[in-house]
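Inside the fold
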Amino acid sequence: MESQPAPGVVRLVRESAPEYPLLCCGIACTGIATLGELSLMGASSTVVDLLSSGTAPTEAEIDGTVGKLMLLFCIVAVFRHLGEYLLRVAGENVVACTQTALFKSLLQLDVAFFDAISAGSLTSVLANDVEAIRLAVAKYFPSLAHHVCACTCALIAMLRISVQLSLTGALVGPVIGILIAYFNSFVRHLTREQQAQLAAASALAAESFAFVRTIKAFGREGHFAAAFAAEAERSRALSLREMAWHKLWNGSNMVMGVAGTLLVIRSGARAVAAGELSAGDLAAFVVYGVMAGHAANDAVNAYAFVTASAGRASRALQMLDQARRAVATDEVDLDAISPSRPLGEAAMVCFSNVSFRYATRCDACVTRVTFKVEYGTTTALVGPSGCGKSSLLLLLLRFYKPEEGCVRVDGTDLAAIPERTLRQLVAVVFQDTPLFSGTIRQNILLGANGEDEARLDCRMVSASVAANAHDFIVASGGYDQQVGERGVTLSGGQRQRIAIARALLGQPRLLLLDEATSALDSKAEAAVQEGFCARDGADRSTVVVAHRLATIRDAFQILVLERGIIVERGTHGSLLAAGGMYARMAALQQVDGAHTARRQCCR
Ligand SMILES: Nc1ncnc2c1ncn2[C@@H]1O[C@H](COP(=O)(O)OP(=O)(O)OP(=O)(O)O)[C@@H](O)[C@H]1O
Ligand SMILES: [Mg+2]
């Protein structure tokens, strides 16, 4: 992720802009409720003065006072709860919008972004960090506004009763100010650490559940449980530290508050004895003072929570900003290229001097690769594991950008082709074939290119027939059977055939197959290839990666890669005749005319 200053409270406030009207109404209601509470305090002074005046109050005076108190209570109750409701609604709205926008924007980011961050961390950002926004907007912001308002009103009321007593109470102010500064900076720092820790624990849990079969197969349950326990322990330690700081703050604040109140009572009692102040006013002053102290304390706590929540939400907001910027720069004119561009003289695919390295690695993955894929032909990429075959396909899908050189499709620089056009043009079957949880139908229809899915039934069946998948689908329960998470209820070969049907459904003009039939037996593989041929017209080009050379014997051209460089190219026959690396690979696999004895790896 790009390094930039963490968005703070101001950024959080900006993100809530659409909800300002609701927030303002909510805060106004809370303000009215607070004024009502203060008036209740004022009424207590009237009652004290009434009782200490020496003359018994009349029934009308008592009824008037009770009626006034009742009215105030009603106002406080109605506005307090209405305010809380409105603020909660605003908070939920902000969270829903942020979560949806973040998820959508993240999906539009480059694949390279996902190489550097785990799925578990992203899930944690979407769930936990965004929850921090809800707390800040719906709870802590309003609570801060409420307490600041209450504190201000109480201070004004205190000043109106006695300026001198107010100054006496304010003597503890500077000490509290210093405590606030220290407290806030520590809490902010700790909260960020806690968020990172939570994300690490989520990432570990998500990965463990995703690969539970491997963990069980190697009997490593204890190892992963211990790793998770260590993460949980780090989270616990951080939470305890945060709690300790809160307690220290609250304890110190309480001492300061009591000291201030005692100073006020001492001076106030002298003023009452000297006849400068009534007993009712002193009682009201003390009540207002306690209220101001509590409100100030709560306001500081609320502010600490606001800044802490802003810290917690900062990763989510940073990602949102980054994704929005990336999406904005990626927006291109969708009409720049027509998907039905007439076939011209240019090759379907043209790699010119392409070099590429992954951002997370320092060595080059592909070096000065140049080749063409002619219209309606099949190009095969072969070579040892890790030589860069899949990476070439990923470049062709524009998941990564070349460091040097250029990739053209239909004569147009890949970088200039609008996203939607590119996805209509190219379909892929990846080396590992994950399916989504849901039905077989839903998985195949993912390849529909935004067409009306209800009208695709016929095409879905013919794509499945071409992928040699129709028979097993019908025999095992039909297109509406559930496949489980990542297609776990199907065999590897069945998953591959569904993935092939998905790729064929969109009738792509360029088909990329990365070991797409590696899990199939020879008979099923031959049936799939037959299916491709039956549907193949001159308008489809194919780039196929294969380890089993028998599957690419008939390819129009075969490119042999070694450590990211094309070392040989030609047809099956010409490469065998050349006696180079391809011929040696063919000999090892006993493909056509290659008579070298099979290496005895296992005795
Ligand atoms: N996302 C990635 N980040 C960093 N390095 C990567 C990434 N994907 C692949 N690599 C590296 O790039 C090199 C080429 O990988 P690639 O997947 O293209 O090989 P391949 O020829 O398809 O191998 P195989 O036949 O085993 O599938 C390897 O050294 C690999 O470690
Ligand atoms: Mg590969």
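Along each chain, numbering runs from 1 in the same order as the chain's sequence is written. Starting at A for chains and at 1 for ligands, labels are handed out in the order in which the entities are written. Per-residue local features of the predicted model are confined to residues with pLDDT of at least 70, and side-chain atom pairs are confined, for both listing and counting, to 80 or more; whole-chain, interface and lining totals are unaffected and use all residues. The side-chain quantities take in all heavy atoms of the structure and omit both hydrogens and water.

In the nomenclature of an unreviewed UniProt entry, the chain corresponds to ATP-dependent transporter ycf16 from the organism Coccolithus braarudii. Taken from UniProt, the Subcellular location (unreviewed entry) comment for the chain reads in full: "Cell membrane". UniProt positions are given in the numbering used here, feature names are shortened, and annotations may be inferred rather than shown by experiment.

This part covers the coordination of the magnesium ion (ligand 2). For Na, K and Ca the donor cutoff is 3.2 Å, while for all other metals N, O and S atoms count as donors only within 2.8 Å; water does not appear among the atoms, so some sites may look incomplete. Taken together, Ser390 (OG) and Gln431 (OE1) make up the protein donors of the magnesium ion (ligand 2), found 2.0 to 2.4 Å from the metal. Placement of Ser390 in helix H11 (residues 389-396) and of Gln431 in the loop between strand E6 (426-429) and helix H13 (440-445) is noted, with a sequence separation of 41 residues between them. Buried means the residue's accessible area, taken with a 1.4 Å probe over protein chains only, is under 20% of the maximum for its type, while exposed means over 50%, and partly exposed covers the values in between. Take Gln431: its relative accessible area is 43%, and that puts it in the partly exposed class. For helices the rule is a DSSP run of H or I covering at least 4 residues; for strands it is a run of E covering at least 2, with both sets numbered from the N terminus onward.

Bringing the pairing of strand E4 (residues 404-409) into the picture now. Across five bridges, the pairing between strand E1 (residues 349-356) and E4 is antiparallel. From the neighbouring strand, Ser352 faces E4, where its bridge partner is Cys406. One requirement defines pairing of two strands: DSSP has to find at least two bridges between them. By the bridge criterion, two bridges tie E4 to strand E5 (residues 412-413) in an arrangement that is antiparallel. From the neighbouring strand, Val409 faces E5, where its bridge partner is Thr412. Counted along the chain from E4 to the antiparallel partner E5, the turn is two residues long, and its residue Asp410 has a positive phi close to 55°.

What follows concerns the pairing of strand E8 (residues 541-545). Remark: a regular strand shows side chains that alternate across the two faces of the sheet. In terms of burial, E8 is a largely internal element, five of the five residues being buried. The two faces of E8 match: Ser541, Val543 and Val545 on one face and Thr542 and Val544 on the other face are all buried. Of the strand pairs in this sheet, strand E3 (residues 378-382) and E8 are connected by four bridges, and their pairing is parallel. Paired with Ala380 across the strands is Val544, a residue of E8. As paired elements, strand E7 (residues 510-514) and E8 share five bridges and run parallel to each other. Across the sheet, the residue bridging to Asp514 is Val545, located in E8.

Moving on to the site of ligand 1. Residues are counted as near a molecule or strand when any one of their heavy atoms sits within 4 Å of it. As a matter of local geometry, ligand 1 sits amid 15 residues, with Ser385, Gly386, Ser390, Ser391 and Gln431 nearest to it. One nitrogen or oxygen atom from the main chain of Cys387 is found 3.2 Å from an oxygen atom belonging to ligand 1. N or O atoms within 3.5 Å of each other form a polar contact, as long as, within protein, one can give a hydrogen and the other can take it, and as long as residues adjacent in sequence are counted only when both atoms are side-chain atoms. In this structure, Gly388 approaches ligand 1 through a main-chain N or O atom, which is 3.0 Å from an oxygen atom. Here the shell around ligand 1 is built from residues that sort into four nonpolar, eight polar and three charged. Only Asp, Glu, Lys and Arg are considered charged in this grouping, and only Ala, Val, Leu, Ile, Met, Phe, Trp, Tyr, Cys and Pro are considered nonpolar; every other residue, Gly among them, is considered polar.

Once that is clear, we can look at the sheet that holds E7. Adjacent strands of a sheet form backbone hydrogen bonds with each other and so pair up, either parallel or antiparallel. Spatial ordering of the open sheet is given by E6-E7-E8-E3-E9-E10, a layout of six strands whose pairing is mixed. Since the sheet does not close on itself, it has two edges, and those belong to E6 and strand E10 (565-570), each with one partner. With strand direction ignored, the average angle separating the axes of adjacent strands in the sheet is 15°. Note on contacts: a residue pair is in contact if any heavy atoms of the two residues lie within 4.5 Å. Convention adopted: a line fitted to C-alpha atoms gives each axis, helices being fitted over their contacting stretch, and angles between N-to-C directions are expressed from 0 to 180 degrees. Packed on one face of the sheet, H11 meets E3, E7, E8 and strand E9 (557-562) and runs near 150° to E7. Across the face of the sheet, helix H19 (residues 581-589) comes into contact with E3, E9 and E10 while running at roughly 95° to E9.

For salt bridges, the criterion is a side-chain nitrogen of Lys or Arg within 4 Å of an Asp or Glu carboxyl oxygen. Counted according to the given criterion, the structure contains 13 salt bridges. Among the ionic pairs, Glu92 bridges to Arg88, the shortest N-O distance being 3.1 Å. Of this pair, Glu92 and Arg88 both sit in helix H3 (residues 59-107), four residues apart, which is roughly one turn of that helix. On the basis of relative accessible area, Glu92 is assigned to the partly exposed category, the value being 32%.

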